[in-house]
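Architecture and fold: a report
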Amino acid sequence: MSRARGSGAARPREVVLVANDVGGLGGMERQLERLVLGLLAAGRRVTVVARTCAVEPREGLRFVRVPGPRRPFTAAYPAFFLLASMLAARRGDALVHTTGALIATRADLSTVHYCHRAAARTLTAPRARRAGRAYALNAAISGRLSRAGEWWAYRPERARVLCAVSGGLASELRWGFPAMASRVRVVPNGVDTAQFRPDPQARRRVRARLGLAGESRLALFVGGDWERKGLRHVLDALAQAPGWQLAVAGDGDAEALLARAARMGIADRVHVLGASSDLPPLYAAADAFVLPTAYETFSLVTYEAAAAGLPLLVTRVHGVEDVLEHGRNGWFITPDGAGIAGRLRELEADPALAGRMGAAARSAAAAFSWDAMVERYLELYDELDAA
């Protein structure tokens, strides 16, 4: 990406990007890597203040590592909050761009990927990584810490602009932080339609590895935090759609998942793949994407599935509403196994419908590019520089 500037324009300020991790497996991490690369291509100098940075060293990029524990969150978050605040403050007059409530000092721009205050209204249980009282207690305390961080960072004295990744999330920010209502902007994330695409060779390779026969139907679930994202409902659907198998990509309690599948008599149709850094072939191998999630703000994996040409079966959550057109490129579903199974059987019975929906999904994803995302951030930086 390139962005022309007038020959007499002053050199733009350095951008200090504060994040937990830049680059990697998660949707936020991949978005940040794309942002850094786009800013560098546009001539901005970037200092990344983070635990890790997967972007290869290059001119204009500096990485300042934030030391400290990664888990438990109850220790990791306060440590990062303190150390990142001090490291970001050392960058002088740089433009400070955070990804969430990560520093105590003032930020010019904070991109919000998840609103903990709003999610607490929607979710009935804390975001525990595993079952058990200790995990539940840690999750409950983590939620309180996250909401406290938002209360501190998302106010006029601490942030000049809040940037939501979807219109739905922007509405939540205006509700949760009314003093910032006039300072909320929206910049959607993007998806690489050249990387995520139908790929017959990858499809054959992955399906052979999974032991799938040529006509076997494969549903794909991608994500961690399996309880919040509704994986148990997908298992319920699989039990009622015998013509389908399921691939699960993401971090979670695989042992508990397979034990549940065994009790339901469907373990031989469940493929637990773990976290993967090479997702495009997995999308290419699938016949539908299923995500009965309780709360999202953009759901990058849904956009990746759309770009790969998969019919979308996803709950009506923020961000998904902007790419999924009910009945055209998939269906909005509810967290209900019987309803999801009905849609899967419908796709199985009508391959032409599945093909039309997949093509329409890919067409819808084309409207969301990484270049457009980077350009919008550059415009916001220019506005902040000029203010």
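Our structure is the block above this text.
An account of the accompanying structure is given in this report.

The next subject is the layout of surface pockets. Space inside the second largest pocket adds up to approximately 290 Å³. What lines the second largest pocket is a set of 18 residues, among which Arg-30, Glu-33, Arg-34, Gln-195 and Phe-196 lie closest to the centre. Every element with two or more residues in the lining of the second largest pocket is listed here: α1 (27–41) and α10 (300–307). Among the elements that line the lining of the second largest pocket, the one with the most residues is α1, at 4 residues.

A separate point is the pairing of strand β7 (residues 107–112). Here β7 lies mainly inside the structure; 6 of its 6 residues are buried. Pairing of strand β6 (residues 95–98) with β7 involves 2 bridges; the strand directions are parallel. From the neighbouring strand, Thr-98 faces β7, where its bridge partner is Ser-110. In this structure, β7 lies alongside strand β8 (residues 159–164), joined through 5 bridges in parallel fashion. When the bridges of β8 are listed, Thr-111 appears paired with Cys-163.

In this structure, Pro-72 follows Arg-71 across a cis peptide bond, with omega equal to -5 degrees. Position of Pro-72 relative to the elements: it lies in the loop between β5 (61–65) and α2 (73–89). The backbone of Asp-225 shows a phi angle near 50 degrees, a positive value even though the residue is not glycine. Structurally, Asp-225 can be placed in the loop between β10 (217–222) and α7 (231–239). With a phi angle near 60 degrees, Ser-299 is a residue other than glycine that sits in the positive phi range.

Attention now moves to the packing of α10 against helix α12 (residues 351–365). Between α10 and α12, the shortest axis-to-axis distance is 7 Å and the interhelical angle comes to 120 degrees. Between α10 and α12, the angle falls in the class oblique. Across from Tyr-303, Ala-306 and Ala-307 in α10, the residues of α12 making contact are Gly-358, Ala-361, Arg-362 and Ala-365. When the residues that make up the contact of α10 with α12 are grouped by side-chain class, the tally is 5 nonpolar, 1 polar and 1 charged.

What follows deals with empty space enclosed by the protein. Scanning all chains against the criterion turns up 1 cavity of 30 Å³ or more. For the largest cavity, the calculated volume is near 60 Å³. Along its surface, the largest cavity is lined by Thr-98, Gly-100, Ala-101, Leu-102, Ile-103, Thr-105, Ala-107, Ser-110, Ala-153, Tyr-154, Arg-158 and Ala-159. In terms of residue class, the lining of the largest cavity is made up of 7 nonpolar, 4 polar and 1 charged.

Here the focus is the nonpolar core. One finds Val-18, Tyr-283, Phe-289 and Leu-344 to be the most contacted residues of the largest nonpolar core, which totals 128 residues. The residues touching Tyr-283, leaving out its near neighbours within four places in the chain, are Phe-196, Leu-220, Val-222, Phe-289, Val-301, Glu-304, Ala-305, Ala-308 and Leu-310.

A word on the pattern of salt bridges. Tallied over the full model, the rule gives 21 salt bridges. The closest approach of N and O atoms between Arg-70 and Asp-21, which form a salt bridge, is 2.9 Å. Taken as a pair, Arg-70 in the loop between β5 and α2 and Asp-21 in strand β2 (residues 21–22) lie far apart in primary sequence, 49 residues in all. We classify Arg-70 as partly exposed; its relative accessible area is 46%. The buried category is assigned to Asp-21, whose relative accessible area is 9%. Between Asp-108 and Arg-160 there is a salt bridge, with its nearest N and O atoms 2.8 Å apart. Within this pair, whereas Asp-108 is found in strand β7, its partner Arg-160 is found in strand β8, the two being separated by 52 residues in sequence. Overall, Asp-108 belongs to the buried group, its relative accessible area being 11%. Linked through salt bridges whose partners overlap, the residues forming this network are Arg-13, Arg-44, Asp-382 and Asp-385.

Attention now goes to the packing of aromatic side chains. Following the criterion strictly, the structure yields 9 aromatic pairs and no others. An angle of 80 degrees between the planes, with centres 5.0 Å apart, marks the rings of Tyr-114 and Tyr-295 as edge-to-face. One end of the pair, Tyr-114, is in the loop between β7 and α3 (116–122); the other, Tyr-295, is in the loop between β13 (288–291) and α10, and 181 residues separate them in sequence. Residue class for Tyr-114 comes out buried when judged on its relative accessible area of 15%. Assessed through its relative accessible area of 3%, Tyr-295 is described here as buried. Note on Tyr-283 and Phe-289: the rings are 6.3 Å apart at their centroids and 45 degrees apart in plane angle, and the pair reads as tilted. An aromatic cluster is built from Phe-73, Tyr-77 and Phe-81, whose rings are joined through pairwise contacts. It is Arg-117 that lies over the ring of Trp-175; its NZ or CZ is 5.5 Å from the centre. Its guanidinium or amino end placed over the ring of Trp-151, Arg-155 lies 4.7 Å from that ring's centre, counting from NZ or CZ.

Contact geometry of α1 with helix α13 (residues 370–386) gives a least axis separation of 9 Å together with a crossing angle of 65 degrees. Comparing the axis directions of α1 and α13 gives the class roughly perpendicular. The element α1 and its partner α13 pack so that their crossing is right-handed. The residues of α13 that touch α1, namely those facing Gln-31, Arg-34, Leu-35, Gly-38 and Leu-39, are Trp-370, Met-373, Val-374, Tyr-377, Leu-378 and Tyr-381. Partitioning the contact of α1 with α13 into residue classes produces 8 nonpolar, 2 polar and 1 charged.

About the cut-offs
- Residues numbered from 1 in each chain as written.
- Predicted model: local features only at pLDDT ≥ 70, side-chain atom pairs only at ≥ 80, totals over all residues.
- Heavy atoms only, no water.
- 1 Å grid on protein atoms, 1.4 Å probe; cavity = no way out; pocket = protein on both sides within 12 Å on 5 of 7 lines; lining within 4 Å.
- Points joined across faces, edges and corners; volume = space filled by probe spheres on them.
- Helix = DSSP H or I, 4+ residues; strand = E, 2+ residues; numbered from the N terminus.
- Buried < 20%, exposed > 50% of the residue type's maximum accessible area, 1.4 Å probe, protein only.
- Pairing = 2+ DSSP bridges.
- Axes fitted to C-alpha atoms, helices over the stretch in contact; angles between N-to-C directions.
- Parallel < 35°, antiparallel > 145°, perpendicular 65-115°, else oblique.
- Contact = heavy atoms within 4.5 Å.
- Nonpolar A, V, L, I, M, F, W, Y, C, P; charged D, E, K, R; others polar.
- Core = buried A, V, L, I, M, F, W, Y, C linked by side-chain atoms within 4.5 Å.
- Salt bridge = Lys/Arg side-chain N within 4 Å of Asp/Glu carboxyl O.
- Phe/Tyr/Trp six-rings, centres within 6.5 Å; stacked < 30°, edge-to-face > 60°.
- Lys NZ or Arg CZ within 6 Å of the ring centre and 35° of its normal.
- Left-handed = near helix turned anticlockwise from the far one by under 90°.

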